[in-house]
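Residues per chain, in single letters:
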Amino acid sequence: RALQRGLTMIGTCTALAIAGILASSALRLLQEAHLRAVVEGVSSELSSSLHYARSEAVARNQAVRLSFHASPVGRCVLVHTGDRSDCQCDGSGPAQCDNGSVPLRSVFQPAGDPVQLAASVSSILFSARDGTAKTGGTVCVVPPGGKQIRHTVNVTGRVRVCSRDATPGSCEPC
């Protein structure tokens, strides 16, 4: 009787099944890591815009506002001087301001993005004298499935970043 060499059909199918399970697990973990990186990026950009608005108010010796503008195609976070109604940002081009108001920074977020912003106020005005906020407000970075990151601006103009579902090393728990 001759010695048979090679792989059996059962052995090959078992190896392919195990490889498929491992690949699907790796893909899911990769997608979760990508979403977490996007959430942290949006959160960092929002935090940067809030700090920028406050510091520009003091540096320019002029009140600076951070406004949220929604349109059917997305949402815009706009840092500008002047009244909220003086500036528009709809994603079709650069932000536009009237009545002497100046756009300083704008970030447009398309409506289809998986991570959205939810604000408790339509704008936050930072004082020229000391960077205090006329009214506080909360802006949440909301990914699909929860674990939102909350940016709270108090009346002193300071920004606190926290999350109810904070993981060690990400941000402090609320």
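Residues numbered from 1 in each chain as written. Predicted model: local features only at pLDDT ≥ 70, side-chain atom pairs only at ≥ 80, totals over all residues. Heavy atoms only, no water.

Some remarks on helix α1 (residues 9–60)
Step number 1: If you check α1, its first and last C-alpha atoms are 75 Å apart, about what 52 residues at 1.5 Å a residue would give, namely 76 Å.
Step number 2: Taken residue by residue, α1 has Val 39, Val 42, Ser 43, Leu 46, Ser 47, Ser 49, Leu 50, Ala 53, Glu 56 and Ala 57 as its buried positions. (Helix = DSSP H or I, 4+ residues; strand = E, 2+ residues; numbered from the N terminus. Expected span 1.5 Å × (residues − 1). Buried < 20%, exposed > 50% of the residue type's maximum accessible area, 1.4 Å probe, protein only.)

As for the packing of aromatic side chains
Step number 1: With the rule as written, the count across this model stands at zero aromatic pairs.
Step number 2: The side chain of Arg 105 reaches across the aromatic face of Tyr 52, ending 4.5 Å from its centre. (Phe/Tyr/Trp six-rings, centres within 6.5 Å; stacked < 30°, edge-to-face > 60°. Lys NZ or Arg CZ within 6 Å of the ring centre and 35° of its normal.)

What about the confidence of the model for the chain?
Step number 1: Taken residue by residue, the chain gives an average pLDDT of 88. The fraction at 70 or more is 93%.
Step number 2: Per-element mean pLDDT across the chain ranges from 67 in strand β11 (residues 172–173) up to 96 in strand β7 (residues 123–126). (pLDDT = per-residue confidence, 0-100.)

Here we look at the state of the cysteines
Step number 1: Inspection of the entire model under this criterion finds two disulfides.
Step number 2: Paired by a disulfide, Cys 76 and Cys 89 hold their sulfur atoms 2.0 Å apart. Across the S-S bond linking Cys 76 and Cys 89, the dihedral sits near 75°, which makes this disulfide right-handed. Here Cys 76, found in strand β2 (residues 74–81), pairs with Cys 89, found in the loop between β3 (87–88) and β4 (96–97); they are 13 residues apart in sequence, far enough to count as distant. (Disulfide = S-S within 2.5 Å.)

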